[in-house]
Amino acid sequence: MKIERIRIDKAKFEMRDFAKHPTGFSLVYEPGSSKPVSAYAVRIYTDEGVTGEYVGGNSIAAAQVNMFGDYLIGKDPFQRELIYNDVKRQLRKFDKMGMGLIDIPLWDLAGRAFGVSIRTLLGGWKTRVPAYASTAAGDRAGGLDCARAYADFAVQCKELGYRAYKLHVWDDYEVAEVVETIAAVRDAVGPAMDLMLDPGCKLETFAHAVQVGRACDEAGYLWLEDPYKDSGISIQGHKRLRELIRTPLLQTEHVRGLEQHVDFAVGGGTDFVRADAEYDGGITGALKIAHATEGLGLDVELHTPGPAQRQLMASIRNTNYYEMSFVHPKSSEIGRSQLIYADDYRDGLDAIGPDGCVPVPEGPGIGVAYDWDVIEAHTVETREFG
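My aim in this report is to walk through the structure given alongside it, one point at a time. (Residues numbered from 1 in each chain as written. Predicted model: local features only at pLDDT ≥ 70, side-chain atom pairs only at ≥ 80, totals over all residues. Heavy atoms only, no water.)

Things to note about the overall build of the protein chain
Heads up, the condition is: Under the scheme used here, helices are H or I runs from DSSP no shorter than 4 residues and strands are E runs no shorter than 2 residues, and both carry numbers assigned from the N terminus. Atoms considered for the radius of gyration are the C-alpha atoms alone. The globule rule reads 2.2 Å times the number of residues to the power 0.38. Note on contacts: a residue pair is in contact if any heavy atoms of the two residues lie within 4.5 Å. Only the protein chains shown count as cover for residues, and all accessible areas are computed by the Shrake-Rupley method using a 1.4 Å probe. Counting rule for charge: Lys and Arg are taken as positive, Asp and Glu as negative, and neither His nor the chain ends is counted. A charge is said to be at NZ when it belongs to Lys, at CZ for Arg, at CG for Asp and at CD for Glu.
Looking only at helices and strands, the protein chain features 13 helices and 13 strands. Here the protein chain has a C-alpha radius of gyration of 20 Å; the compact-globule value for 386 residues is 21 Å, and the two agree. Its C-alpha atoms give the protein chain principal-axis dimensions of about 60 × 45 × 40 Å. Partitioning the intrachain contacts of the protein chain with sequence separation of at least 6 by distance along the chain shows that 73% fall at a separation of at least 24. Counting every atom, the protein chain has about 15,000 Å² of accessible surface; 51% of that belongs to carbon and sulfur. Distance between charge centres in the protein chain, computed from 42 positive and 57 negative side chains, equals 3 Å.

This is how it looks when you write it as structure tokens:
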């Protein structure tokens, strides 16, 4: 089997009631607003009629495919490991995010060729995975606008069945307000629910990270993630922070590649390791990170929701929660249009079952059916290789 052609469609949708925060880059609740969001729909065609599909990515990943798209034509689509290593070298001067946009549909193609899910190809066994509610960033528009709002939403999520809840706080934060919110959420849900905090690298100083970390200590949080404005990449800074607080750190969302993840963990910069099926070289790359993390005796936590993430999580032992982001008490939006699916697959606040879990798609490959009529109706740009 050979790859004959690759098509990438850029589709644009409108995200309602969300906008960019004026003092930062976070998406925040803003009633009545509308923000365009993009999805990149990839189809890999072969000479034997088998096709691999995936919708996701971002503009950086799509642009990087231009650097290796022609190389893929004529290649055996089952040789994912060879393709991974060749493309990794080609993108060595860049962040390599374009790898995932091709690797995931290659896994989908393999599953379709053999009539099994990616989970089955990976030796996976989980049919349902536990999810945590990962909030949108704090706003000042009547949504997540105070400590009590975060606490009330945590109770709502607990009642829906979520076993864990993660706070993304304000861009225009005050340390005292964040500390108050950390405590208020714990008081509201009690000791049984796992809680996490992700400032998204917003905290201005190391001192603020220490103050917030100690509040997490007092409230018994499961992890503190990307606290301050080193952009989440300082091994030494986070090693020092680990020495000053008890709450485990979750880092490596913003470092790319297997080696960098291993260096961060071995260097003492994190307790949990973050991986992403899109950002970290696709399923191939994220699986390498998961296994390397397992070899260090640590857990890996996957970033963002999606069918690829579910297939991957179903095949990894050392992982805990599926991230249902970004949920909000006054909006059903989640960051990418659910119109792209032709079947009953969905993510969102109410997408979990009473057991607090989401199902792993059972169909071949990635396990979902895309609505190509909808995608093509929203397509604004197309590029092809081959």
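So, the pairing of strand β1 (residues 3-20)
We count it as follows: DSSP bridges decide pairing: two strands pair if at least two such bridges lie between them.
Across 16 bridges, the pairing between β1 and strand β2 (residues 27-46) is antiparallel. Across the sheet, residue Ile6 finds its bridge partner in β2, namely Ile44. As consecutive antiparallel partners, β1 and β2 are separated by 6 residues. Here β1 pairs with strand β13 (residues 379-385) via 6 bridges, running antiparallel. Residue pairing across strands places Ala11 opposite Thr379, the latter belonging to β13.

Some words on the nonpolar core
Rules: In these notes, a set of buried Ala, Val, Leu, Ile, Met, Phe, Trp, Tyr and Cys residues joined through side-chain atoms within 4.5 Å is what counts as a nonpolar core. A 1.4 Å probe rolled over the protein chains alone gives each residue an accessible area, and that area as a share of the maximum for its type sets the label: buried under 20%, exposed over 50%, partly exposed in between.
The biggest cluster of nonpolar side chains holds 109 residues, and the ones touching the most others in it are Tyr165, Leu197 and Tyr370. If sequence neighbours within four positions are ignored, Leu197 has contacts with Lys166, Leu167, Val169, Val178, Ile182, Val212, Cys216, Tyr221, Trp223, Leu224 and Glu225. Tyr132, Trp223, Leu250 and Tyr321 belong to the second largest nonpolar core, which has 7 residues in total.

Comments concerning a nonpolar patch on the surface
As a reminder of what qualifies: Candidates for patches are residues over 30% relative accessible area with no salt bridge; among them, like charges are joined within 9 Å and nonpolar side chains (Val, Leu, Ile, Met, Phe, Trp, Tyr) within 5 Å. Salt bridges are defined by distance alone: a side-chain nitrogen of Lys or Arg within 4 Å of a carboxyl oxygen of Asp or Glu.
A cluster of nonpolar side chains, namely Phe78, Phe114 and Leu121, defines an oily patch on the protein surface of about 270 Å² accessible area. With respect to the helices, strands and loops of the structure, Phe78 is situated in the loop between α2 (69-72) and α3 (80-90). We classify Phe78 as partly exposed; its relative accessible area is 32%.

Topic: the pattern of salt bridges
Applying the stated criterion to the full structure yields 28 salt bridges. The salt bridge partner of Glu333 is Arg16, with a shortest N-O separation of 3.4 Å. Placement of the pair is Glu333 in the loop between β11 (322-327) and β12 (357-359) and Arg16 in strand β1, with a sequence separation of 317 residues. Judged by its relative accessible area of 13%, Glu333 is buried. The partner of Asp171 in a salt bridge is Lys202, with the nearest N and O atoms 3.0 Å apart. Of this pair, Asp171 sits in the loop between β5 (164-167) and α7 (175-189) while Lys202 sits in the loop between β6 (194-197) and α8 (206-219), and the two are 31 residues apart along the sequence. For Lys202, a relative accessible area of 11% corresponds to the buried category.

Focus on the environment of Leu122
Of note, Leu122 is situated in the loop between α5 (118-121) and β4 (128-135). Taking the relative accessible area as the measure of exposure, Leu122 reaches 18% and is therefore buried. When near neighbours in sequence (up to four residues on either side) are disregarded, Leu122 contacts Trp107, Ile283, Leu287, Gln311, Leu312 and Ser315.

A look at the environment of Met67
Along the chain, Met67 falls in the loop between α1 (59-65) and α2. By relative accessible area, which is 35% here, Met67 ends up partly exposed. Setting aside anything within four residues of it in sequence, one finds Met67 in contact with Gln90, Leu91 and Phe94.

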